[in-house]
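The residues making up each chain are set out below.
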Amino acid sequence: MEIKTAIRQFIAENVLLGVHQARIEDATPLVTGGLIDSIGMIGLVAFLEAQFKVEFEPREINVHNLNTLEQIEELISKKLTVRDAGAAGS
Amino acid sequence: MNVRIASAAYAVPPDGETVQAVLERERVRVQTTLAPLSPQARQKAAEGLGLSRVRVCGGKEPYDLVLEAASTAIADAGITGKDIDLIVDYSTFPGENSQYLSIAHKLSAELGAETSLNLSFKAGGCGALHLAIKTAMGWMSTDENIKTALLVTGDTAPAGNRSLLPVTVQGDAGSAVILRRQGTEGPLLLGVEAMTLGHLHNAIALIKTNGHLEIKVDAPCIENEVMPIYYLNLYRLVQKVLAASSLNLNDVDHFIYSNISQRDRDGFRRMVGLPEGGLPVTPMADYGHTFASDLVINYVHLRREGRIRPGQLLLFASAGIGFTWGVTLARA
């Protein structure tokens, strides 16, 4: 499943209960727009780490990386690239 | 290493002021701080604080409160000043009139702890208790002569700086905790973890303006940078500490958390999965937020009320200036 689709589905089903996925645009500000609060971030980050088998450093978890689906996808893609490159090299 | 919380005590000044009076007096400062926020965020800033009054140092200095708390903690631990090998002062705002490099030095003399090693640091704000515990445990683990440590903090808001909206309103207090290695009384420390994200150091900063200290709150930074990750980082530290002892959230009997505001305590309660009313009532309405003394105050009250029974698991958690998060786990 495409990264943004998986995240959009998770957010709609678990964080923004009752909000249809279609309302979450790629550039919708999730955090600064008040759609995901501080408690919601716990679930979102746990989902991202489990779904994509990545780990976030504390410094990486910030509003600049996780505010929109586009930003989240970019961060996850980067981490997957690094992870896969490491696996290929080992 | 077997280290126990042998005793804890706090002292607050008798004088008080209503939060409403503080916010009225500091109206310009509050408005200036909140101005960059959205109208909704500005309105929310003073809602759900759960703080009615704050205690304020009148004729007393934070040092006086620390001395009072330390004396009580020493008596409660059944020791004397001479037994203290290490004093760690982790005060954030020890007072503009503080005459000392560190109040630990004067404290060692007045308590009779003449040979104690005296340390002081300014870091962590309300998360500083964990840093102090970790520091003391570090010294204990490397120096067999250090068996008893006294951890103190005494804080008063700089004049005209009680409001830390959109976060809290500060009251004055002093507190003391005694840790003993190979002790037999008090909760056994199982673990302590702390983390700092230095890029958020300006979220709450202490600066000097026209010769006077001022606490500068960067409200947009708090709202947009700190709060989105505030509970997440606390939650991850909680999980880390619990996992290191093969425990989980359901094993915790008492969560001891800061008195920053009622809405913050509600956030923490949701974070750990407790139902509404699941956190104990604290004296926050009468004391305000007393920085790192909050945890000591809340722990002392739990003990006074007889709610802590042998074998129960205590989890202390707080976060503050730095920006710093900390969690300490102990078994009563």
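Residues numbered from 1 in each chain as written. Chains lettered and ligands numbered in written order. Predicted model: local features only at pLDDT ≥ 70, side-chain atom pairs only at ≥ 80, totals over all residues.

### Focus: the overall build of chain A
- Looking only at helices and strands, one finds four helices and zero strands in chain A.
- Counting helices and strands in the order they occur from the N terminus, chain A gives α-α-α-α.
- Residue pairs at least 24 apart in sequence account for 63% of intrachain contacts in chain A once pairs closer than 6 positions are excluded. (Helix = DSSP H or I, 4+ residues; strand = E, 2+ residues; numbered from the N terminus. Contact = placed C-beta atoms within 7 Å.)

### Looking at the overall build of chain B
- Looking only at helices and strands, chain B features ten helices and 13 strands.
- For 332 residues, the compact-globule formula gives about 20 Å, and the C-alpha radius of gyration of chain B, at 19 Å, lands near that figure.
- Over its C-alpha atoms, taken along the principal directions, chain B stretches across nearly 55 × 45 × 35 Å.
- For chain B, buried positions account for 53% of its 332 residues.
- Sequence-distant contacts in chain B: of pairs separated by 6 or more residues, those separated by 24 or more amount to 82%. (Rg over C-alpha atoms; globule rule 2.2 N^0.38 Å. Buried ≥ 20, exposed ≤ 12 C-beta atoms within 10 Å, placed from the backbone.)

### Considering the interface of chain B and chain A
- Listed as interface residues are 15 residues of chain B and, on the opposing side, twelve residues of chain A.
- Sorting the residues of the side of chain B that touches chain A by element identifies α7 (219–244) and α8 (262–271) of chain B as the ones contributing at least two each.
- With ten residues, the top contributor of residues to the side of chain B that touches chain A is α7(B).
- Taken together, the residues of the side of chain B that touches chain A sort by class into ten nonpolar, three polar and two charged. (Nonpolar A, V, L, I, M, F, W, Y, C, P; charged D, E, K, R; others polar.)

### What to know about the packing of helix α2 (residues 38–52) of chain A against α8(B)
- At their nearest, the axes of α2(A) and α8(B) sit 9 Å apart, and the two run at 25 degrees to each other. When the interaxial angle is binned, α2(A) and α8(B) end up roughly parallel. With respect to the hand of their crossing, α2(A) and α8(B) are arranged in right-handed fashion. Facing A:S38, A:I39 and A:I42 of α2(A), the residues of α8(B) in contact are B:G267, B:R270 and B:M271. (Axes fitted to C-alpha atoms, helices over the stretch in contact; angles between N-to-C directions. Parallel < 35°, antiparallel > 145°, perpendicular 65-115°, else oblique. Left-handed = near helix turned anticlockwise from the far one by under 90°.)

### What to know about unusual backbone geometry
All names here are of chain B.
- The amide bond that connects L165 to the next residue, P166, takes the cis arrangement and shows omega of 15 degrees.
- Structurally, P166 can be placed in the loop between β6 (148–155) and β7 (173–181).
- Residue F323 follows G322 across a cis peptide bond; omega there is 0 degrees.
- Tracing the backbone shows F323 in the loop between β12 (313–320) and β13 (324–331).

### Overview of the packing of helix α4 (residues 62–77) of chain B against helix α5 (residues 103–111) of chain B
Residue and element names in this part refer to chain B.
- Running from amino to carboxyl end, α4 crosses α5 at an angle of 45 degrees, the nearest separation of the two axes being 11 Å. Here α5 runs oblique to α4, going by the angle between their axes. α5 is crossed by α4, and the crossing has right-handed handedness. Contacts between α4 and α5 pair Y63, V66, L67, A70 and I74 from the former with I103, K106, L107, E110 and L111 from the latter.
- Grouping the amino acids of the contact of α4 with α5 by side-chain chemistry returns eight nonpolar, no polar and two charged.

### So, helix α10 (residues 293–304) of chain B
- Its twelve residues place the ends of α10(B) 16 Å apart at the C-alpha level, agreeing with the 16 Å of an ideal helix rising 1.5 Å per residue.
- Count one or two residues on from α10(B) and you reach B:G306, which has phi positive near 70 degrees. (Expected span 1.5 Å × (residues − 1).)

### Some remarks on the pairing of β7(B)
Residues and elements named next belong to chain B.
- Most of β7 sits inside the fold, with nine of its nine residues counted as buried.
- Taken together, the eight bridges between strand β1 (residues 3–11) and β7 define a ladder with antiparallel strand orientation. When the bridges of β7 are listed, I5 appears paired with L179.
- Bridge count for β6 against β7 is eight bridges, and the pairing is antiparallel. Counted as the bridge partner of D155 is A173 from β7. (Pairing = 2+ DSSP bridges.)

### Overview of the confidence of the model for chain B
- Taken as a whole, chain B shows an average pLDDT of 94; of its residues, 100% reach a score of 70 or greater.
- Taken together, the chains of this predicted complex give a pTM of 0.94 and an interface ipTM of 0.87. (pLDDT = per-residue confidence, 0-100.)

### What to know about the environment of B:L200
All names here are of chain B.
- Within the element layout of this structure, L200 appears in the loop between β8 (188–196) and β9 (204–209).
- For the pair L200 and I321, spaced 121 residues apart in the sequence, the C-alpha separation amounts to 8.5 Å.
- If we ignore the near neighbours within four places in the chain, the residues touching L200 are C221, E225, V226 and F323.

### So, the nonpolar core
All names here are of chain B.
- Ranked by size, the top nonpolar core spans 123 residues in total, and within it V66, A70, A73, L151, A176, L179 and L234 carry the most contacts.
- With 14 residues, α7 is the single largest residue contributor to this core.
- Excluding anything up to four places from it in sequence, L234 contacts M271, A317, A319 and W325. (Core = buried A, V, L, I, M, F, W, Y, C linked by C-beta atoms within 7 Å.)

### Side note on α8(B)
- Within the span of α8(B), buried status applies to B:D264, B:R265, B:F268 and B:M271. The arc enclosing the buried residues of α8(B), seen along the axis, measures out at 115 degrees, which places them on a common side.
- Contacts made by the buried residues of α8(B) are with α2 of chain A together with α7 and β11 (254–257) of chain B. (Arc of directions from axis to C-beta.)

### Overview of the pairing of β12(B)
Residues and elements named next belong to chain B.
- Across the eight residues that make up β12, a large majority, seven, are buried.
- Two elements, β12 and β13, share eight bridges in a ladder whose sense is antiparallel. From the neighbouring strand, F316 faces β13, where its bridge partner is T328.
- Hairpin connection of β12 to β13: three residues between the antiparallel strands, including G322 at a positive phi of 150 degrees.

### Considerations on the environment of B:E61
Residue and element names in this part refer to chain B.
- Structurally, E61 can be placed in the loop between β3 (53–55) and α4.
- By the C-beta count within 10 Å, which is 21 here, E61 ends up buried.
- Between the alpha carbons of E61 and L329 there is a distance of 31 Å; along the sequence they are 268 residues apart.

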